[in-house]
Amino acid sequence: MSVLLPIWFFSERDLFETQRLRLMLFFFPLLSIQQMQFMLLFSRQGKLRLQKWYVPLSDKEKKKITRELVQTVLARKPKMCSFLEWRDLKIVYKRYASLYFCCAIEDQDNELITLEIIHRYVELLDKYFGSVCELDIIFNFEKAYFILDEFLLGGEVQETSKKNVLKAIEQADLLQESQNEDWGGLSEDIL
Amino acid sequence: MSVSVQRERRSRNLLLLSLGGRGKSKEAEIKRINKELANIRSKFKGDKALDGYSKKKYVCKLLFIFLLGHDIDFGHMEAVNLLSSNRYTEKQIGYLFISVLVNSNSELIRLINNAIKNDLASRNPTFMGLALHCIANVGSREMAEAFAGEIPKILVAGDTMDSVKQSAALCLLRLYRTSPDLVPMGDWTSRVVHLLNDQHLGVVTAATSLITTLAQKNPEEFKTSVSLAVSRLSRIVTSASTDLQDYTYYFVPAPWLSVKLLRLLQCYPPPEDPAVRGRLTECLETILNKAQEPPKSKKVQHSNAKNAVLFEAISLIIHHDSEPNLLVRACNQLGQFLQHRETNLRYLALESMCTLASSEFSHEAVKTHIETVINALKTERDVSVRQRAVDLLYAMCDRSNAQQIVAEMLNYLETADYSIREEIVLKVAILAEKYAVDYTWYVDTILNLIRIAGDYVSEEVWYRVIQIVINRDDVQGYAAKTVFEALQAPACHENLVKVGGYILGEFGNLIAGDPRSSPLIQFNLLHSKFHLCSVPTRALLLSTYIKFVNLFPEIKTTIQDVLRSDSQLKNADVELQQRAVEYLRLSTIASTDILATVLEEMPPFPERESSILAKLKKKKGPGTVTDLEEIKRERSSDMNGSAEPACATDGSTPSPSADLLGLSAAPVTNPAPPSSTNGSLLVDVFSDTAPAVAPLAPGSDDNFASPDLASSEVVSEEPADTVHDADELFHKFVCKNNGVLFENQLLQIGLKSEFRQNLGRMFIFYGNKTSTQFLNFTPTVICSDDLQPSLNLQTKPVDPTVDGGAQVQQVVNIECVSDFMEAPVLNIQFRYGGTFQNLSVKLPITLNKFFQPTEMSSQDFFQRWKQLSNPKQEVQNIFKAKHPMDAEITKAKIIGFGSALLEEVDPNPANFVGAGIIHTKTTQIGCLLRLEPNLQAQMYRLTLRTSKEAVSQRLCELLSEQF
């Protein structure tokens, strides 16, 4: 969390300042209110089903975080509390059937509202797919992403109304049909 | 086609691919994937141009494969091509691929940006939505450069659709987070604030997030958002559960928006306008009242949403920390949650109470829940909840309940989870030290710690107990007796052997009168542990033995026999062997007098920061060690007196055979650890000897004010001295404009300033060096009555909250009306971890800042020099050089002072002359100066001639300090 970078460089007029260079330890301005850092969906077997990162991280870091987090969360017993401290972050997670939904927020953020973000997302998926199951998310992963983007953008809640989110998705589906798209065809020759 | 049909058809085929691992080997899956990747690659590389549909199909497959966990290193270009397709689905898949897979790859970004630009300009809301989502998802700097100017326009344009506005707001927020410098503030900001009044709650929800982040950085500009947010919040909390239709979530009206609004209000102090303030208090009361109402639904979602709002309201109440009534109500509410059947609520209640414990209004109220919290420690099944309970006990601990809390923590430690043992050990050690009235209790506690959780007792803890025992002679006899008894246990932890060895080596004589602990018995007891111990411990014990030779001459021969044995003299370990040889030799040849001198009792350790605290801080993330700062401050006020840590306090890991006994006769003080700039901040904070803060309330009843420390040296470190320190830094700014003005363990103040003629602007940077928020942070620039008519200063208020590790900036606009003597004072007040901090430093705005250099010839110079020959116009000072007399540095300083440096003007080339004009609003004052160094005498003579006596005087004072 604390990124330390000197934020200014001394101008040439400060020729005689070298002996106190260490004083230049200065912080990079940090913005602390950040609703969500990332969201991960994974199965009980630890297979990642959806990943959404709201902070820039390298692929390597993402993989490492995912691995560690999946392990940590899967090791927890049912009835334990839905929040845990992990590195500098707070993890809010909930299990729905075979899927774990897992969000990372910052220390100061509101845990309960994040728990309900997860629930609302599940409701959205459920409504759209009609009683959603893990396979829906696997095979229609792009829909799962599109719904998430309508609901959360840049880690912040964009639209909480179920109706409005689904309306946006359905409009897109309509566009798709009017353009005579056949999604089923996509998979026919995948193997 | 219906979704369900899609599902059927797709899953039939994809199942094989994705679940290939089931029943088959992982290798088989990889093989299959690789085959598919090769196929796609050949399609992309093929001669035949792919149509949009196939391109989309393959890009989608790649994405699918990526999401299965395989690396994808091609297809980016095809995805980018899809962006410019007119078909919605192709575009959509292209954007999705880019959102998921593109990490600001500079070549592609340009192409992507182009496509986004077209879509933004298309006026087609669906396309605009896709483009905005993509920007928000990628959020790279290149995108900020390209779109940060455009998006505010979309956001506030009258004809933008609501859904696009929502995306635009959050998209802008993402860009602002990535590159705040690229988002231009302007007219749009006031219009954004008014989105809080928008009819569409979705727009308000999105806009609130944006406004909150912007307001944090530009509180002044977004001040109007406070009253708007309060009235919006008030409308929501008083609405019936059906009023907001789809924005009501399980009978809770707009919970997400409510939380965000309460968050926004936490960027500001309590509203000043009594009407707004009253309305906000009403809202908060309503929220607290609702918590007492019977639930409208049994669903957990209902209670979660309701309580999410409640907890955010409590955060706001704690943030304001101004309404005792609300604070106590909040505390009672949390008290109820402590016993709630929902684990989540118990967790959150414990967590919130930690913050409440640091408010003076609610500390007592929190303490009433001690039994419940202790019970939680014993009965909670979830370790993360127990951890919270430990944190809360730690936060609510004070003199009145320290014994109970420490006892409970020790109890818990016996069964505590391994993951949190070390932390509990540190906490117990700190509390025991901080609240010890009776040091025998402290010694008992630490020995208990070692007994219960020896493996988790870090070096810092046992170093600390030794430091304290050595520094307090009233506890030494007791300590010797206690360790002696503890060592009699058949199996005792090695850390106990270390403590025991050290303490008996120093103070074994205090209990030697008792025949049950005669010198020989002491020695035999220690030596019985010797062979079970590690090399460093054995090295320490050897030192104890040689100390025994001095303390108890009667067992000298026994000890010499031990030292002489082959297992010592020929030990494979070099350190042990060397000690054995040297100690044996020393005991044989040295006279009693020499032995007594060499092996004298250790002098008291120069006290300073407890290394345990540093350790705990390192261990724990931000926000969890709030209360610790208090101890640190209490202590540093009379401990920082000494310059350097003794070797045992040195935070770095000592070499395993580090000589704790300090056998070199003089007290061992390590050279100052080089303060490394690349080390972690924390290390730096604790290892440097930065000037102490002026207003650290010196706890006169501090535990560590041992007689030795109350020497004159320590007294001189009282606040008065720190003002001097600050003064020194102040003088450094006379010849320069940028740098660090002040620094202590909490706060760093940096300056950057520029001056032109009689005007100037100064940027003050306040850096929070801790991991805890500063609350009610109020810097004020004060001009004395004498100064006020001469100097106009305008400052903008800063955000009252400075987050841990964050930095805020304040601008001071300066106008020099007439010449002046004094410097304005910067007073800073803030609340940190429950304690009020107040400090003042002189702000280096000095008369010479308004210098305008003037070049002139030798002839001109001396002509003017002669004109200013009235004795009142000349001020001269002869002083000893404080710094090496380097001509280049001197030149740089004169230029830094602001005057022109005139070369070849003075007939003596060793002299320096300068000229310039001081600009004030009312007059301009010509100034000439001449500096004559005398290398032999290491002296300077400085002469200032100006048309005004006071100015000559002031400039001479300022400049004399520089050489």
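Just so it is clear, the structure is predicted and the values come from calculations on it, not from any experiment. (Residues numbered from 1 in each chain as written. Chains lettered and ligands numbered in written order. Predicted model: local features only at pLDDT ≥ 70, side-chain atom pairs only at ≥ 80, totals over all residues. Heavy atoms only, no water.)

### Quick look at the packing of helix α16 (residues 300-320) of chain B against helix α17 (residues 324-337) of chain B
All names here are of chain B.
Right, on to step 1. Packing of α16 against α17 brings their axes to within 10 Å, and their N-to-C directions diverge by 140 degrees. Judged by the inter-axis angle, α16 sits oblique to α17. The hand of the α16/α17 crossing is left-handed. Across the interface between the two elements, N307, L310, F311, I314, I317 and I318 from α16 touch L326, L327, A330, Q333, L334 and F337 from α17.
Right, on to step 2. The class makeup of the residues in the contact of α16 with α17 is 10 nonpolar, two polar and no charged. (Axes fitted to C-alpha atoms, helices over the stretch in contact; angles between N-to-C directions. Helix = DSSP H or I, 4+ residues; strand = E, 2+ residues; numbered from the N terminus. Parallel < 35°, antiparallel > 145°, perpendicular 65-115°, else oblique. Left-handed = near helix turned anticlockwise from the far one by under 90°. Contact = heavy atoms within 4.5 Å. Nonpolar A, V, L, I, M, F, W, Y, C, P; charged D, E, K, R; others polar.)

### Focus: the sheet that holds strand β6 (residues 774-782) of chain B
Residues and elements named next belong to chain B.
Right, on to step 1. If you trace the three strands from one edge of the open sheet to the other, you get β6-β9-β10, paired in antiparallel fashion. What marks the edges here is a single partner per strand, and that holds for β6 and β10 (835-842). In this sheet, adjacent strand axes meet at a mean angle of 15 degrees when their direction is disregarded.
Right, on to step 2. When β6 meets strand β9 (residues 825-832), the two strands line up antiparallel, connected through seven bridges. Looking at the pairing, T778 lines up with Q829 of β9. (Pairing = 2+ DSSP bridges.)

### Here's the deal with the sheet that holds strand β3 (residues 83-86) of chain A
Right, on to step 1. Across the sheet, five strands lie side by side as β2-β1-β5-β4-β3 (chain A); this open sheet has antiparallel pairing. Two strands lie at the open edges of the sheet, namely β2 (48-53) and β3 of chain A, each paired on one side alone. The average angle at which neighbouring strand axes cross in this sheet is 20 degrees, direction not considered.
Right, on to step 2. The pairing of strand β1 (residues 38-43) of chain A with β2(A) spans five bridges and is antiparallel. Pairing of L41(A) across the sheet is with L50(A), part of β2(A).
Right, on to step 3. Seen against the sheet, helix α2 (residues 111-129) of chain A touches β1, β2, β3, β4 (89-96) and β5 (99-105) of chain A and runs at an angle of roughly 35 degrees to β4(A).
Right, on to step 4. Lying over the sheet, helix α18 (residues 343-357) of chain B contacts β3 and β4 of chain A, oriented at roughly 50 degrees with respect to β3(A).

### Focus on the pairing of strand β8 (residues 807-816) of chain B
Residues and elements named next belong to chain B.
Right, on to step 1. Burial analysis of β8 places seven of its 10 residues in the buried class, which makes it a mostly covered element.
Right, on to step 2. Where strand β5 (residues 759-768) meets β8, nine bridges bridge the pair, whose relative direction is antiparallel. Residue pairing across strands places R761 opposite N813, the latter belonging to β8.
Right, on to step 3. Summarising the sheet, strand β7 (residues 791-795) and β8 pair through five bridges and their orientation is antiparallel. In the strand pairing of β8, Q794 is matched with N813. (Buried < 20%, exposed > 50% of the residue type's maximum accessible area, 1.4 Å probe, protein only.)

### Some remarks on the nonpolar core
Right, on to step 1. Ranked by internal contacts, the top residues of the largest apolar core, which has 270 residues, are Y121(A), I116(B) and L449(B).
Right, on to step 2. In terms of residue count, α2(A) provides more of this core than any other element does, 11 residues in total.
Right, on to step 3. Beyond its immediate chain neighbours, meaning those up to four positions away, L449(B) contacts L410(B), L413(B), V425(B), V428(B), A429(B), G454(B), V457(B) and V461(B).
Right, on to step 4. Among the nonpolar cores identified, the runner-up in size contains 59 residues, and L787(B), I828(B), L839(B) and L929(B) belong to it. (Core = buried A, V, L, I, M, F, W, Y, C linked by side-chain atoms within 4.5 Å.)

### What to know about the confidence of the model for chain A
All names here are of chain A.
Right, on to step 1. For chain A, per-residue confidence averages 76 on the pLDDT scale, and 74% of positions sit at 70 or higher.
Right, on to step 2. Taken element by element, chain A is modelled with least confidence in helix α6 (residues 184-188), mean pLDDT 38, and with most confidence in β5, mean pLDDT 95.
Right, on to step 3. Scored below 50 in pLDDT, residues 1-32 makes 94 contacts in the model with residues more than four places away or belonging to other chains.
Right, on to step 4. Taken as a whole, residues 180-191 scores under 50 in pLDDT and shows 44 contacts with residues more than four places along the chain or in a different chain. (pLDDT = per-residue confidence, 0-100.)

### Description of the pattern of salt bridges
Right, on to step 1. In the structure shown here, the tally under the stated rule is 52 salt bridges over all chains.
Right, on to step 2. For R76(A), the salt bridge identified is with D382(B), shortest N-O distance 2.8 Å. Remark: D382(B) occurs in the loop between α20 (370-379) and α21 (383-396) and R76(A) occurs in the loop between α1 (59-74) and β3; the pair is interchain, linking two chains.
Right, on to step 3. Under the relative-accessibility criterion, R76(A) is labelled buried at 12%.
Right, on to step 4. With a relative accessible area of 2%, D382(B) lands in the buried category.
Right, on to step 5. Between E220(B) and K223(B) there is a salt bridge whose closest N-O contact spans 3.2 Å. (Salt bridge = Lys/Arg side-chain N within 4 Å of Asp/Glu carboxyl O.)

### A look at helix α40 (residues 887-897) of chain B
All names here are of chain B.
Right, on to step 1. Within the span of α40, buried status applies to T890, A892, K893, I894, G896 and F897.
Right, on to step 2. Considering only its buried residues, α40 is in contact with β11 (851-853), β13 (900-902), β14 (912-919), β15 (924-934), β16 (939-946) and α41 (949-960).
Right, on to step 3. The first or second residue beyond α40 is G898, which carries a positive phi of 120 degrees.

### Concerning the packing of aromatic side chains
Residue and element names in this part refer to chain B.
Right, on to step 1. Applying the stated rule across the entire model yields 33 aromatic pairs over all chains.
Right, on to step 2. Their ring planes at 70 degrees and their centres at 5.1 Å tell us that Y766 and F777 sit as a pair that is edge-to-face. With Y766 in strand β5 and F777 in strand β6, this pair connects stretches of sequence that are 11 residues apart. Take Y766 and F777: they sit in the same class, and that class is buried.
Right, on to step 3. Among the aromatic side chains, those forming a connected cluster through ring pairs are Y766, F774, F777, F830 and Y832.
Right, on to step 4. Looking at K427, its charged tip hangs above the ring of Y394, at a distance of 5.2 Å from the centre.
Right, on to step 5. We note R472 situated over the ring of Y439; from NZ or CZ to the ring centre the distance is 4.2 Å. (Phe/Tyr/Trp six-rings, centres within 6.5 Å; stacked < 30°, edge-to-face > 60°. Lys NZ or Arg CZ within 6 Å of the ring centre and 35° of its normal.)

### Some points on the side chain of N137(B)
Right, on to step 1. Relative to the elements of secondary structure, N137(B) occurs in helix α7 (residues 125-138).
Right, on to step 2. Within the local environment of N137(B), its side chain forms a polar contact with the side chain of K52(A), the two groups lying 3.1 Å apart.
Right, on to step 3. Beyond its immediate stretch of four places on either side in the chain, N137(B) contacts K52(A), D149(A), S99(B) and R174(B). (Polar contact = N/O pair within 3.5 Å; in protein donor to acceptor, adjacent residues only side chain to side chain.)

### Some details on unusual backbone geometry
All names here are of chain B.
Right, on to step 1. Of note, the phi angle at E904 is positive, near 55 degrees, even though the residue is not glycine.
Right, on to step 2. With respect to the helices and strands, the residue E904 is situated in the loop between β13 and β14.
Right, on to step 3. At Q938, a position not held by glycine, the phi torsion is positive, near 55 degrees.
Right, on to step 4. By the element assignment, Q938 lies in the loop between β15 and β16.
Right, on to step 5. Relative accessible area serves as the criterion here: at 34%, Q938 is assigned to the partly exposed category.

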